Amino acid sequence: MQIRPATPADVPAVLPMVASICALHETWDSAKYGFLPNPQQRYEQWLIAQAKSDKSVFLVAEDEQTGELGAFLIGTVEREIPIYRLREFGFIHDLWVELHYRHAGVGKQMVMLAIEHFQRLGVQQIRLDTAAANEAGRRLFSACGFRVSTVEMLIELT
């Protein structure tokens, strides 16, 4: 797998992976992940903008034999509210590796490249949300140096 920065032309091939992430998240917690219909289509313009942005990291992994995209990672630089020491932080929104490319180190390589990219941008902290049910995700990010920091709680009001 060749990992490279995504271009706007890659977005159509990323959208089915976005749909897979959304479907998985919704099975984990439909209250937290209550998506509108066709979330991948709503994500499309945002992904195109991120592919063009210098303040984002948008990586894809391409199968060198087939040309098929088998994974993607998207992260952005976010502004912190002014009561904190940090003015900005990196945020990894999504990482997806297609089933037949898992266990080959692609996810870890993508995370490490994202860390390097954020470091080049001068970012001092990278954050992400991981679902409680996503043990594999926690292991992957832990292996890349991330730690658990806070716990989110949720109540639904009617």
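Residues numbered from 1 in each chain as written. Predicted model: local features only at pLDDT ≥ 70, side-chain atom pairs only at ≥ 80, totals over all residues. Heavy atoms only, no water.

The protein chain carries the name GNAT family N-acetyltransferase in an unreviewed UniProt entry, which gives Gloeocapsopsis dulcis AAB1 = 1H9 as its organism.

Participant: Got a minute to help me understand the pairing of strand E4 (residues 88–97) in this structure?
Facilitator: Looking down a regular strand, the side chains alternate between one sheet face and the other. The buried fraction of E4 amounts to eight of the ten residues, a majority that puts the element mostly inside the structure. Sheet topology places strand E3 (residues 69–79) next to E4; nine bridges connect them, and they run antiparallel. Within E4, the position partnered with Gly75 by the bridge is Ile92. Bridge count for E4 against strand E5 (residues 126–128) is three bridges, and the pairing is parallel. Opposite Gly90, over in E5, you have Ile126 as the bridge partner. (Buried < 20%, exposed > 50% of the residue type's maximum accessible area, 1.4 Å probe, protein only. Helix = DSSP H or I, 4+ residues; strand = E, 2+ residues; numbered from the N terminus. Pairing = 2+ DSSP bridges.)

Participant: Which parts of the structure should I look at to understand the packing of helix H1 (residues 11–28) against helix H2 (residues 39–52)?
Facilitator: Relative placement of two packed helices is described by the angle separating their axes and the distance separating the axes. Interhelical geometry of H1 versus H2 gives an angle of 130° and a closest axis separation of 9 Å. Considered as vectors, H1 and H2 are oriented oblique to each other. Crossing geometry of H1 relative to H2 is assigned as right-handed. Across from Val11, Val14, Leu15, Val18, Ala19 and Cys22 in H1, the residues of H2 making contact are Pro39, Gln40, Gln41, Tyr43, Glu44, Leu47 and Ile48. Of the residues that constitute the contact of H1 with H2, the class distribution is ten nonpolar, two polar and one charged. (Axes fitted to C-alpha atoms, helices over the stretch in contact; angles between N-to-C directions. Parallel < 35°, antiparallel > 145°, perpendicular 65-115°, else oblique. Left-handed = near helix turned anticlockwise from the far one by under 90°. Contact = heavy atoms within 4.5 Å. Nonpolar A, V, L, I, M, F, W, Y, C, P; charged D, E, K, R; others polar.)

Participant: In this structure, what is going on with the sheet that holds E3? I would like to understand it.
Facilitator: What links the strands of a sheet is backbone hydrogen bonding, and the strands pair in either a parallel or an antiparallel sense. The sheet built from five strands is open, its strands ordered E1-E2-E3-E4-E5 with mixed pairing. Strands with a single pairing partner mark the edges of an open sheet, and in this sheet they are strand E1 (2–5) and E5. Across the sheet, the mean angle from the axis of one strand to that of its neighbour is 25°, orientation sign disregarded. Each of strand E2 (56–62), E3 and E4 touches H1; the most contacted strand, E3, lies at about 80° to it. Running over the sheet, H2 touches E2, E3 and E4 and is turned about 75° from E3.

Participant: For this particular structure, what's the right way to read the side chain of Glu62?
Facilitator: Within the fold, Glu62 resides in strand E2. Among the polar contacts listed, one links the side chain of Glu62 to the side chain of Arg4, at a separation of 3.0 Å. Setting aside residues no more than four positions away along its own chain, Glu62 makes contact with Met1, Gln2, Arg4, Gly67, Glu68 and Leu69. (Polar contact = N/O pair within 3.5 Å; in protein donor to acceptor, adjacent residues only side chain to side chain.)

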